[in-house]
Amino acid sequence: MRKRPSFLLLATLLVILVSACTPQATPPPDGDEPPPLKVYRFSDTFDVKSLNGQNDVNTLVHDILLYTHSSLYRMVPSDDGKAALYVGDLADGDPVTIDDGYTWHIKLRKDVVWHNGDPINADTMIYTFKMLIDPNLVNAMANFLYDREIKIKNGFEYYTQNQEGKPKVAWEDVGIKKVDDYTIEIITTQRYRPADVKRHFTDRSLFPVYEPLYEAGMNDSRTVTTYGSSLKEYMGCGPYFFDSWNQDANRVYVKNPDHWMADYFHYDRVEVRVTPDRNARVQMWENGEIDVMGLDSATLETYRDDPRTREYSSITPTHIDINSLKSTNPILRTMNFRRAMYWAMDRETIAELVGGIPSPYYINNQAGAYPEKGITYRMTDEAKAVIPPNNGYDPVKAKEYFDAALKEVGETKVTVELMHSDSSASSKLVGEYLQQALPQVFGADKFTLTLRAVPSANYSATKNHKQDPDSFEMAFGGWGASLSRVYPYAAFQYFVDAYASRPNSYISEDFDKQFAACQAEEVRLNPELMVKMTADLEAIYLRDVVNVPLYQSTAYTMYTERMVLPCPNYIPGFGFGTMFADIVE
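This is a predicted model, so every value here is computed, not measured.

*Asks:* Is there a simple way to explain the sheet that holds strand β1 (residues 39–44) in this structure?
*Replies:* Strand pairs in the sheet, formed through backbone hydrogen bonds, run parallel or antiparallel to each other. The mixed open sheet is built from four strands, whose spatial order is β1-β10-β9-β8. Across the chains shown, the open sheet's two edge strands, defined by having one partner strand only, are β1 and β8 (240–246). If you compare each strand with its neighbour and ignore which way they point, the axes differ by 15° on average. One ladder, built from six bridges, connects β8 with strand β9 (residues 250–255); its direction is antiparallel. Along β9, the bridge assignment pairs S244 with V252. Strands in contact with helix α2 (residues 59–68) are β1, β8, β9 and β10 (269–274); relative to β9, the strand with the most contacts, it is inclined by about 30°.

*Asks:* I tried to follow the environment of D403 on my own but got confused; where do I start?
*Replies:* Looking at where D403 falls in the secondary structure, it is placed in helix α13 (residues 395–409). For D403, a relative accessible area of 27% gives the class partly exposed. The spacing of D403 and A340 is 63 residues in sequence and 8.8 Å in space, taken between C-alpha atoms. A polar contact is formed between the side chain of D403 and the side chain of K399, at a distance of 2.7 Å.

*Asks:* Is there a simple way to think about the pairing of β10 in this case?
*Replies:* For a regular strand, side-chain orientation follows a simple rule: the groups alternate between the two sheet faces. Two elements, β1 and β10, share six bridges in a ladder whose sense is parallel. Each residue of the ladder has a partner; that of D44, found in β10, is V274. Examined bridge by bridge, β9 and β10 share five bridges and lie antiparallel to one another. Looking at β10, one finds that V254 is bridged to R269.

Quick notes on the rules
Residues numbered from 1 in each chain as written. Predicted model: local features only at pLDDT ≥ 70, side-chain atom pairs only at ≥ 80, totals over all residues. Heavy atoms only, no water. Pairing = 2+ DSSP bridges. Helix = DSSP H or I, 4+ residues; strand = E, 2+ residues; numbered from the N terminus. Axes fitted to C-alpha atoms, helices over the stretch in contact; angles between N-to-C directions. Contact = heavy atoms within 4.5 Å. Buried < 20%, exposed > 50% of the residue type's maximum accessible area, 1.4 Å probe, protein only. Polar contact = N/O pair within 3.5 Å; in protein donor to acceptor, adjacent residues only side chain to side chain.

Dropping the structure here:
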């Protein structure tokens with residue numbers, strides 16, 4: 001039996017290891033100059049409040065944990081940079097089915113450890129998954145375990161058992177088992193392929209949590225844990241250590257040379273500065289202080305033709321959420337107003353303002369259909385038939401719906417507020433345009449639109465209609481589902497009632513039923529049927545105006561010449577492989 005090293009010894013080793021990765025490293029003997037550190041520098045517009053991937057819907061958490069944490073599987077660039085591959089990170093090899101796609105065994109590497117040297121094994125993963133769908137914690141990202149790429153037996157039932165009228169479900173009945181110290185078993189409700197299982201276990205919500213710290217942060221009623229709220233309450237196991245985290249200011253990671261995937265990563269050090277101000281970010285770029293800069297509507301004109309600029313299509317259509325729970329503005333609760341807003345949008349003009357693509361629909365242009373033929377969902381006849389004429393812009397129809405909404409609530413004029421993030425130049429620009437355009441459609445004497453800017457760090461919380469139904473009236477949003485590249489209906493996964501953190505307060509029962517029907521095995525594994533069922537789902541979305549789609553972004557990003565990206569062309573779902581790039585001075 002192997003003895004575990006003492007805490008003091010592990011702490012000492014960790015200090016030595018981290019020191020070896022920092023600029024103060026001991027110089028080599030004989031006076032040889034050490035090679036310069038490869039430091040990757042970039043800026044975020046805001047910071048996260050927690051490193052707990054189980055209960056934070058912000059995708060920035062995922063971006064951070066990709067450096068400092070490990071998942072069962074990870075995407076890496078192929079040798080020629082033309083594709084992205086799923087390889088085992090914590091997992092030792094591909095998942096193996098023992099009954100034709102319903103029961104899966106995943107083996108763990110035996111050399112994986114936490115950053116403090118403690119082992120990671122099957123018990124680690126079982127504890128992690130049990131906490132993620134714990135019915136008392138009610139973690140916001142729970143559905144990413146029980147129902148994302150694969151459906152796990154009794155996962156949803158276990159998570160929701162405390163809801164009124166729900167039966168009790170024992171943990172032993174959930175399709176997550178320990179086979180041995182380094183093997184876990186996953187039991188699904190439908191038949192899946194190895195690729196489905198690997199994709200499922202890449203999200204930050206499924207990254208392992210460190211049990212001692214997770215438990216130490218738990219309150220007495222076991223409904224909340226402070227795990228991840230500071231570096232003292234977080235433990236990583238990834239290819240980089242956290243060197244420092246000064247919340248809302250900066251983060252620094254240093255390479256973990258002993259990580260089992262260390263050879264994939266070339267940066268010695270990653271420095272992140274939190275810079276909400278766009279002008280400050282541009283100045284940093286011009287000064288050579290950052291290696292990458294995303295462009296928005298305010299900077300695109302200046303840098304669009306710069307040879308360092310790369311362009312690619314986003315999977316995240318920008319939309320407007322209408323808060324149907326707002327108690328003080330009853331017109332927001334009417335279907336007539338929702339439809340008025342949909343038909344009032346001149347999407348061609350809006351897309352031109354921000355350099356995007358008009359989107360009278362929500363299923364993005366990367367959504368899959370027949371990948372072996374190179375045919376996306378939007379290219380199919382079924383998808384084309386759903387798109388309304390003129391990109392859904394019909395001011396006459398919009399005015400009819402708006403007048404009907406006014407009559408329905410007994411008003412002669414209304415004022416509605418539209419919320420946007422203070423760091424989003426595009427949303428501000430579109431909001432200012434709508435301030436002028438919508439009164440021209442609805443009548444200047446009948447409709448007024450006001451704007452409210454909210455700090456980026458607080459935007460998601462302010463939109464949380466479940467916490468405060470009166471927190472906003474209308475708000476910009478954008479939720480992109482990577483799974484839609486395989487299953488197009490998944491573009492709607494965030495808008496169904498079952499998704500705990502859904503941004504939309506309005507619920508359509510028909511929409512929810514059709515989405516569930518699309519997830520059925522016989523639909524998912526039959527491309528022709530899947531496309532038809534998805535088109536029917538999209539038609540319901542448009543009929544009920546679950547939200548108001550506007551445009552699909554075209555993203556523009558600049559990289560300095562010293563960065564050697566592994567992927568010369570953008571790979572959907574992976575990008576240019578930035579975290580695997582090299583630095584050449």
